[in-house]
Amino acid sequence: RLRASGGNAFHAPTFNDLYFPGFGNPNLQPEEGTSWEVGADYKIGAQRLSATYFDNHITQLVVFDSATFTPTNLGEARIQGLEFAYDGTLQSLELRARLTFQDPVNEVNGAQLPRRAKIFGNAGIARTFGSFNVGAEVVGASARFDSIDESADSRMGGYALFNLVMSYKVSRDWRVDLRWNNVFNKSYELAQG
């Protein structure tokens, strides 16, 4: 199956972005954007593969400026890239994987957008035993910056986390979930500090 879509977006700053004491910026403008994507999906039996190319243009993107410790607007931003996905079963195992390659760019200064990795993804495996479903997953991302200008001291390294998951189906309408995130206690950060 081939697919294509496009659209416009509008996102107002949150109340905290605007007015939180010592943090807010009442001069923030709302984000506006246009985006489009094209993709292909392929299914054979229980296996599903997809590939998607996306391109997003955003004006007045709201980001956190670590230099001033307040949210601010970036004049122009662009995020374009490819996403690959797989869902399927092998024997009695449920498999899934997602991998995204993107170029998140501040078009004003050419820097990588703050807190946005160029590569990120996840993969998981699970199996059902009666009312129980148990599995494991890996989640990861490449290096990011916590500044709007890619300053070296704001670089946050890439990471990969290993998680364990389990669920128990109590009845048709109820399920209990249990997660153990970051099993190996990997030290990482999504925002500095």
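Note that the coordinates shown come from a computational prediction; the quantities given were computed from them, not determined experimentally. (Residues numbered from 1 in each chain as written. Predicted model: local features only at pLDDT ≥ 70, side-chain atom pairs only at ≥ 80, totals over all residues. Heavy atoms only, no water.)

Q: Help me understand the layout of surface pockets, please; the structure alone is not making it clear to me.
A: Unfilled space is identified by rolling a water-sized probe across the atoms. By volume, the largest pocket is sized at about 300 Å³. Along its surface, the largest pocket is lined by 21 residues, and E94, R96, A126, N133 and V165 are the ones closest to its centre. Elements represented by at least two residues in the lining of the largest pocket include exactly β4 (70–90), β5 (93–106), β6 (119–129), β7 (132–141), β10 (159–169) and β11 (175–180). Each residue belonging to the lining of the largest pocket can be placed in one class, and the counts come to seven nonpolar, six polar and eight charged. (1 Å grid on protein atoms, 1.4 Å probe; cavity = no way out; pocket = protein on both sides within 12 Å on 5 of 7 lines; lining within 4 Å. Points joined across faces, edges and corners; volume = space filled by probe spheres on them. Helix = DSSP H or I, 4+ residues; strand = E, 2+ residues; numbered from the N terminus. Nonpolar A, V, L, I, M, F, W, Y, C, P; charged D, E, K, R; others polar.)

Q: Sorry if this is basic, but what is going on with unusual backbone geometry here?
A: What you tend to see is this: most non-glycine residues have negative phi, and most peptide bonds are trans. Non-glycine residue Q60 carries a positive phi angle of around 60°. With respect to the element layout, Q60 can be found in strand β3 (residues 47–65). One non-glycine residue, Q91, lies in positive phi territory at about 60°. Examined against the element boundaries, Q91 turns out to sit in the loop between β4 and β5.

Q: Got a minute to help me understand the pairing of β6 in this structure?
A: Moving residue by residue along a regular strand, the side chains alternate between the two faces of the sheet. Bridging between β5 and β6 involves nine bridges; their strand directions are antiparallel. Paired with F101 across the bridge in β6 is I119. In textbook terms, the turn of a hairpin is the stretch between consecutive antiparallel strands, and for β6 and β7 this stretch comprises two residues, one of which, G130, has a positive phi near 60°. (Pairing = 2+ DSSP bridges.)

Q: In this structure, what is going on with the pattern of salt bridges? I would like to understand it.
A: Oppositely charged side chains may form a pair once their charged atoms are brought near each other. The final tally for this structure, using the stated rule, is 11 salt bridges. A salt bridge links R179 to E137; the shortest N-O distance between them is 2.4 Å. With a gap of 42 residues between them, R179 in strand β11 and E137 in strand β7 connect regions that are remote in the sequence. Its salt-bridge partner being D177, residue R175 comes within 2.9 Å of it at the nearest N-O pair. The class of R175 is exposed, set by a relative accessible area of 56%. D177 gets classed as partly exposed once you look at its relative accessible area, which sits at 47%. A single network of salt bridges, built from pairs that share partners, joins R1, R3, E37 and D41. (Salt bridge = Lys/Arg side-chain N within 4 Å of Asp/Glu carboxyl O. Buried < 20%, exposed > 50% of the residue type's maximum accessible area, 1.4 Å probe, protein only.)

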